[in-house]
Amino acid sequence: MQALKNTVLKNRVPPPLVAGLFAFAMWAISFVVPTVEMNTVARFTLSAATVALGIFFCIAGVVSFRRAKTTVNPLKPEAATALVSSGIYGISRNPMYVGFALFLLAWVVYLSSPWLSTGIVGFVLYMNQFQIEPEERALKEIFGPEFISYQAKVRRWL
C-alpha cells in the first residue's frame, strides 16, 4: 500500500497547488495556535519583502529555463532538453521551490504564528519526496555525469 501511495503522488500534483494546499492548512491551523504580537506595519513589511524575494527566485528560475529552451513543467522532468546550472541555478537546484517556501514563510509572518513554520517543513518534506527525487532521477538518466557533478556542487534548496 505504501509503494502505491508513493507512486500515485510522485510528479502528479503541480508544485504551486502543493504550496497553496499547505498555505490553506496553515491558515486553518492559525485559528487554534498561539500568535505573537507584532507591529502591523512591521508584519506587512516583512511579509511583503519575503514575498518579493520568493517572486525573484521563481521568476529567475523560469527565465533561466526559458533562455535554455527547456521545459518548465515540473510534472514532465523527462522532457528536459538542457541542464541549467548557471544564474540562480548556481545557488539552488530548485529556485522555484525555494520561492514557494519563501511565500509560505511570508504567510507565517503575516499570520503571526511561529507554530505555522511546521507548514514550511511539511512543504519541504513533501517536495523532496514526491517532486524533487523523481525529477532528479529523470535528470540523472538524461544528463548522467553532468547532472551528478552539478548535484555535488549546488545544494538542493539553499
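Scope of this entry: the structure provided in the associated data block.

Rules used in this analysis
- Residues numbered from 1 in each chain as written.
- Predicted model: local features only at pLDDT ≥ 70, side-chain atom pairs only at ≥ 80, totals over all residues.
- Heavy atoms only, no water.
- Helix = DSSP H or I, 4+ residues; strand = E, 2+ residues; numbered from the N terminus.
- Expected span 1.5 Å × (residues − 1).
- Buried < 20%, exposed > 50% of the residue type's maximum accessible area, 1.4 Å probe, protein only.
- Arc of directions from axis to C-beta.
- Contact = heavy atoms within 4.5 Å.
- Core = buried A, V, L, I, M, F, W, Y, C linked by side-chain atoms within 4.5 Å.
- Patch = residues over 30% accessible without salt bridge, like charges linked within 9 Å, V, L, I, M, F, W, Y side chains within 5 Å.
- Areas by Shrake-Rupley, 256 points an atom, 1.4 Å probe, with all protein chains shown as cover.
- Salt bridge = Lys/Arg side-chain N within 4 Å of Asp/Glu carboxyl O.
- Polar contact = N/O pair within 3.5 Å; in protein donor to acceptor, adjacent residues only side chain to side chain.

**Some remarks on helix H2 (residues 15-29)**
Then comes step 1: For H2, with 15 residues, the first-to-last C-alpha span of 21 Å sits near the 21 Å given by 1.5 Å per residue.
Then comes step 2: Along H2, the residues that are buried comprise Pro-15, Val-18, Ala-19, Ala-23 and Met-26. Down the axis of H2, the buried side of the element spans an arc of 135°, and every buried residue falls inside it. The exposed set on the far side of H2, more than 90 degrees from its buried face, consists of Leu-21 and Phe-24.
Then comes step 3: Where the residues of H2 are buried, they touch helix H4 (95-111) and helix H5 (117-143).

**Quick notes on the nonpolar core**
Then comes step 1: Core analysis: the largest hydrophobic core is formed by 36 residues, its most contacted members being Tyr-89, Phe-123, Met-127 and Trp-157.
Then comes step 2: Going through the elements one at a time, H2, helix H3 (40-67), H4, H5 and helix H6 (145-153) are the ones with two or more residues in this core.
Then comes step 3: Ranked by residues supplied to this core, first place goes to H4 with 9 residues.
Then comes step 4: With sequence-adjacent residues up to four places away left out, Tyr-89 is seen in contact with Gly-61, Ser-64, Phe-65, Val-84, Pro-95, Met-96, Tyr-150 and Val-154.

**Some thoughts on H6**
Then comes step 1: All buried positions along H6 are accounted for by Phe-147, Tyr-150 and Gln-151. Seen from one end, H6 has its buried residues packed into an arc of 100°, which puts them on one side. The outward face of H6, more than 90 degrees from its buried face, is lined by the exposed residues Pro-145, Ala-152 and Lys-153.

**Some details on a nonpolar patch on the surface**
Then comes step 1: A contiguous nonpolar patch, built from Phe-24, Trp-27, Ile-29, Phe-31 and Val-32 and spanning about 570 Å² of accessible area, is present on the exposed surface.
Then comes step 2: Structurally, Trp-27 is set in helix H2.

**Regarding the environment of Asn-94**
Then comes step 1: By the secondary structure assignment, Asn-94 is in the loop between H3 and H4.
Then comes step 2: Sequence-distant contacts of Asn-94, that is, excluding residues within four places in its chain, are made with Ile-132, Glu-135 and Arg-156.
Then comes step 3: There is a polar contact of 2.9 Å between the side chain of Asn-94 and the backbone oxygen of Arg-156.

**Considering the side chain of Glu-136**
Then comes step 1: Within the secondary structure layout, Glu-136 lies in helix H5.
Then comes step 2: Of the residues examined, Glu-136 reaches a relative accessible area of 8% and is grouped as buried.
Then comes step 3: With sequence-adjacent residues up to four places away left out, Glu-136 is seen in contact with Arg-93, Phe-147, Gln-151 and Arg-156.

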